[in-house]
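Close look at the chain arrangement
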Amino acid sequence: MPYTRSFDRTPARPVFPTSSSRKRLWQRRLLWSAGGLLAFIVLASCAVVLWLHSAAWASLPVLDGDLHITGLSAPVTVRRDTHGVPHIEAANENDLFLAQGYVTAQDRLWQMDAFRRNANGELAEILGPSLVMHDKTQRVLQFRNTARRVYANLPAADRARLDAYARGVNLFIDQHRNSLPPEFKLLFYRPQPWTGVDSVSIGLMMVQMLDTHWYEKLSREQIAAKLNNPRLEADLYPVGSWRDHPPTGVLLDLSQPHPEPPASKDDDDEDENTQANAAPASIPSSSASPNPSDPRSLPALLGLPTCDGCTPGSNNWVIAGKHTASGKPLLSNDMHLSLTEPNIWFMADLKANGTQNAPGYHAAGVTLPGLPFVVAGHNEHVAWGFTALMADVQDLYIEKLDGNGNYQAPNGSWKPLVVDHELIRVRGGKDVLLNIQSTAHGPLLNPVLPKEKRSIALKWTLYDPALNALPLYQLNTASNWTEFSAALGAWCWPTQNVVYSDDQGHIAYQSVGRVPLRPSGLISVPIQDAAHEWQGYIPYEQMPNALDPPSGFVATANSRVTTEKSTYPLSLEWVDPYRAERIYKSLEGRDQLKPADMLAVQTDIYSEVDQEMGQRFAYAIDHTDGVDDRLLQAADLMRSWDGRLTTDSAAASIITQARQALWPLILEPKLGKAAAYYHWDESNFAEEEIVMHAKADWLPKAYKDWDALLTDAVRKGMTNGKAPGDVAKWTYGSWHVVDIQHPLASFLPLISRISGTGPLPLSGDNTTVKQVGRDFGPSQRFTMDWSNIDGSTENIVLGESGDPLSPYFRDQWADYYGGTTFALPFTQPAVDAQTRHTLRLLP
């Protein structure tokens, strides 16, 4: 049969995808695109991580062998102990400080550069527009210009030491241009050469951190205007307390009530001035009402801790041999500052051999990266520790300007404003030209107070051209109290409480820093009259002090140090008294004390005021009608609480959250939105007094009595804190955490995953001896034992290195977080026994 083909001549219809098939097609494309994007992100992230790992690995320092260093006159030996702490031994001081600069740069170069830029107002140049306001603030505050002035007026020998340190830093930079720390590569820049002025700038960074309180005078002015009631204002702003323990060294009976704090008196002790100092100062009359920028933003802008109660301060104490097991003095110090990664301190042991013309140098302790010498620690004969004194060394003045570039001086004459021109370089943005105007008082702050209509100048002891001393070297080399006290006598800033002990058995306390004499009294709001001009400074000999006191024990913790016998007032704002009170109750009158007892106090997490408030909250709930079962359960937990803020405590959660909720309930009815501006370093004591005395003037009209108010505070605290149904399961550590981050974490989140600690349960609060916040707390812990100098302990928070790949990056964290510590070897045999790496720096 023949093969035939038949053709269907009907034209084919085009086939169009249905709506469902189109949907599936787009879903597949979207899925492939999303998958491709995800794969790209994963690969890019892996590439960045690998690149960071490679950069961090390349920047690890050389710890063993020989390195040739230009500028040395003889070999220098750098021994690293089990925690990577460098023990540097040189033939002379010039080589020692050069080596200190080099070795510090090995571990902390980017931190040093960040410190320098932070102080000088140059962060926007590497981090962009978000840092412009910070840089503007630092330029207005004149830190770079002040550092130049201080450096230029230092004695030649002090400048030479700073210059030697700078040469060491620059030698490291020159040798490692292709292996700088990864932060430089991430931000695509190289560090500028280091100078002696840069070291001074970093020292002034600490002055700013510890002596800055001017912003509180603006917030207080607003609150005082809103209250318009001096008595209520005095309740919010107490000046000292009955709980205070000034470090006089006089034996106290701690079972008896303490005397009320004295009124802050002036030189002439005139009644009207004494009254003005004892009560909060009234608002000076002004043609323009106060209208500054939001005061809440100023602490962060100034680089200060922003958590409630996180005042840069510290604890220190010293105990005479008659109270110790060894018969030799014990001295302890833990300085409370913001916690960052890497740590603000760098531990070091520095030794220069003596000659016929020089006695030698040997000191160990914590150093500040970027600054030579030991800041706090000990040498072969003396030991010392610091806390912030809280003296008032700043005043705000309302200036009169004529609009033609002149201001009215205190004597009534008109003088031209001094104008400095500053250029702020901004990465990814437009550079900012800033003109800073200054009067005889100091710089006008208006560029950082854009809503302020008045011209406000800041007067600060830092701006006095006659004050230029940085006597750290003299402290490091003192061999007895006479020499040490002479060095302290030259101390200008920051104002500090210093405790001292020596190998001869002496102990001492001395407050230091230049504090203005104010014949018309201290004032805590801006000034606009000539009566409040400074008249020199309080003589060093008349600052609070004690040498070999009868009690054999003195301690400070930033609370009031003056008494009714003090000649001069120092401040209207002290820190809450609870830490100092707890230290005295823990150690006063005890004998056979050992270093372990010192550590127990440093890590103490008992709060008397929290326990007291807990009892009051529980009583309030018991006496309030209509409370639910959760409130009754909360009352039972608070009633039986031992006052220790452990991470597993539910009572600690209830009480601290209730206290946070209580302040707005008390303040907002009288202050409205201005309640958020309230900040005072004794605010915890203010709250305690208002609550425990049930002051009728502070009871809001919405509540029938204080029991109802306090019960509502507990209720709101549990709501705000998101307490579970079973309040007993609301553990303190579930929300109260420590979370230490790298400074770049907010700009580059990947950094936090590589280097941050992450949130971890945190015991204690801002009223415990272990004063803590989320990223705030003891920055180091030190105890000097003169019976065993090599058994003296020192540890910082994380570790010596700033490189995440270093074994010394976070090797101290377990001791710090766990409340343990370790010895810092000092004598040659002890150093030899702990040496793990030896590096020789050769000419």
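Parameters at a glance
- Residues numbered from 1 in each chain as written.
- Predicted model: local features only at pLDDT ≥ 70, side-chain atom pairs only at ≥ 80, totals over all residues.
- Heavy atoms only, no water.
- Helix = DSSP H or I, 4+ residues; strand = E, 2+ residues; numbered from the N terminus.
- Areas by Shrake-Rupley, 256 points an atom, 1.4 Å probe, with all protein chains shown as cover.
- Core = buried A, V, L, I, M, F, W, Y, C linked by side-chain atoms within 4.5 Å.
- Buried < 20%, exposed > 50% of the residue type's maximum accessible area, 1.4 Å probe, protein only.
- Contact = heavy atoms within 4.5 Å.
- Salt bridge = Lys/Arg side-chain N within 4 Å of Asp/Glu carboxyl O.
- Pairing = 2+ DSSP bridges.
- Axes fitted to C-alpha atoms, helices over the stretch in contact; angles between N-to-C directions.
- Parallel < 35°, antiparallel > 145°, perpendicular 65-115°, else oblique.
- Nonpolar A, V, L, I, M, F, W, Y, C, P; charged D, E, K, R; others polar.
- pLDDT = per-residue confidence, 0-100.

For the protein, the count of helices and strands is 24 helices and 26 strands. Within the structure as shown, the protein displays about 33900 Å² of accessible surface, and the carbon and sulfur contribution to it stands at 54%.

The next subject is the nonpolar core. Of all hydrophobic cores here, the largest spans 160 residues; its most connected members are Trp345, Phe484 and Leu841. Setting aside residues no more than four positions away along its own chain, Trp345 makes contact with Arg108, Met206, Met335, Leu337, Val366, Thr367, Leu368, Pro369, Val375, Ser779, Gln780 and Ile796. Ile655, Trp698, Val714 and Met718 belong to the second-largest nonpolar core, a separate cluster that totals 52 residues.

What follows is about the pattern of salt bridges. With the rule as written, the count across this model stands at 41 salt bridges. With a shortest N-O distance of 3.0 Å, Glu233 and Arg220 are connected by a salt bridge. Of this pair, Glu233 sits in helix 10 (residues 230-236) while Arg220 sits in helix 9 (residues 214-227), and the two are 13 residues apart along the sequence. Among the residues examined, Glu233 registers a relative accessible area of 5% and is labelled buried. Across the salt bridge formed by Lys585 and Glu581, the nearest N and O atoms sit 3.9 Å from each other. In this pair, Lys585 and Glu581 both sit in helix 15 (residues 578-587), four residues apart, roughly one turn of the helix. Since its relative accessible area comes to 39%, Lys585 is described here as partly exposed.

The eleven strands lie next to each other as 1-26-2-3-7-8-9-10-17-18-19, forming an open sheet whose pairing is mixed. One side of each edge strand has no neighbouring strand; the edge strands of this open sheet are strand 1 (65-68) and strand 19 (545-547). Sheet twist, expressed as the mean angle between neighbouring strand axes with direction ignored, is 20°. Note that strand 17 (residues 496-502) and strand 18 (residues 507-512) share six bridges and pair antiparallel. Within strand 18, the residue paired with Val498 across the bridge is Gln510. Sheet strands in contact with helix 14 (residues 481-489) are strand 10 (382-388), strand 17, strand 18 and strand 19, and its direction is about 165° off that of strand 17.

Take helix 15 next. For helix 15, the tally of buried residues reaches eight of ten residues, placing the bulk of the element in the interior. Among the residues of helix 15, those classed as buried are Tyr578, Arg579, Ala580, Glu581, Ile583, Tyr584, Ser586 and Leu587. Structurally, helix 15 contributes buried residues whose contacts are with strand 4 (315-319), strand 6 (336-338), strand 20 (553-556), helix 16 (595-602), helix 17 (608-622) and helix 20 (683-692). Gly589, located one to two residues past helix 15, shows a positive phi value of around 85°.

Turning next to the environment of Ala166. Mapped onto the elements, Ala166 comes out in helix 6 (residues 156-175). For Ala166, a relative accessible area of 5% translates into the label buried. Sequence spacing of Ala166 and Leu371 is 205 residues, and the spatial spacing of their C-alpha atoms is 9.0 Å. Those residues within four positions of Ala166 in sequence are excluded, and the remaining contacts are Trp194, Thr195 and Gly196.

Put simply, helix 6 and helix 8 (residues 196-211) touch, their axes get as near as 8 Å, and they point 105° apart. Judged by the angle between their axes, helix 6 and helix 8 are roughly perpendicular. For the pair helix 6 and helix 8, contact is made by Leu162, Asp163, Tyr165 and Ala166 and by Gly196, Ser199 and Val200, respectively. Split by residue class, the contact of helix 6 with helix 8 holds four nonpolar, two polar and one charged.

Interpreting fine coordinate detail is not advised for predicted regions of low pLDDT. Here the protein shows a mean pLDDT of 90. Residues at 70 or above account for 86%. Contacts of residues 1-8 to residues separated by more than four positions or lying in other chains number zero contacts, the stretch itself having pLDDT below 50. Every residue in residues 264-292 is under pLDDT 50, and counting partners more than four places away or in other chains gives 67 contacts.

One open sheet holds the five strands; their spatial order is 20-4-5-24-25, and the pairing between them is antiparallel. Only two strands of the sheet have a single neighbouring strand rather than two, namely strand 20 and strand 25 (793-796). Taking each pair of neighbouring strands and ignoring which way they run, the sheet shows an average axis angle of 5°. Relative to strand 25, strand 24 (residues 780-785) is paired through four bridges, and the arrangement is antiparallel. Bridge assignment links Gln780 to a residue of strand 25, and that residue is Ile796. Packed on one face of the sheet, helix 16 meets strand 4, strand 5 (330-334) and strand 24 and runs near 155° to strand 24.

Here strand 2 (residues 76-80) lies mainly inside the structure; five of its five residues are buried. Of the two faces of strand 2, the one carrying Val76, Val78 and Arg80 and the one carrying Thr77 and Arg79 are both buried. In this sheet, strand 26 (residues 837-842) lies alongside strand 2 in antiparallel orientation, the contact comprising five bridges. Paired with Val76 across the bridge in strand 26 is Leu841. Of the pairings in the sheet, the one linking strand 2 to strand 3 (residues 86-90) comprises four bridges and is antiparallel in character. The residue bridging Val78 from the neighbouring strand is Ile88, located in strand 3. Linkage of strand 2 to strand 3, two consecutive antiparallel strands, is achieved through a turn of five residues, within which Gly84 is found at a positive phi near 75°.

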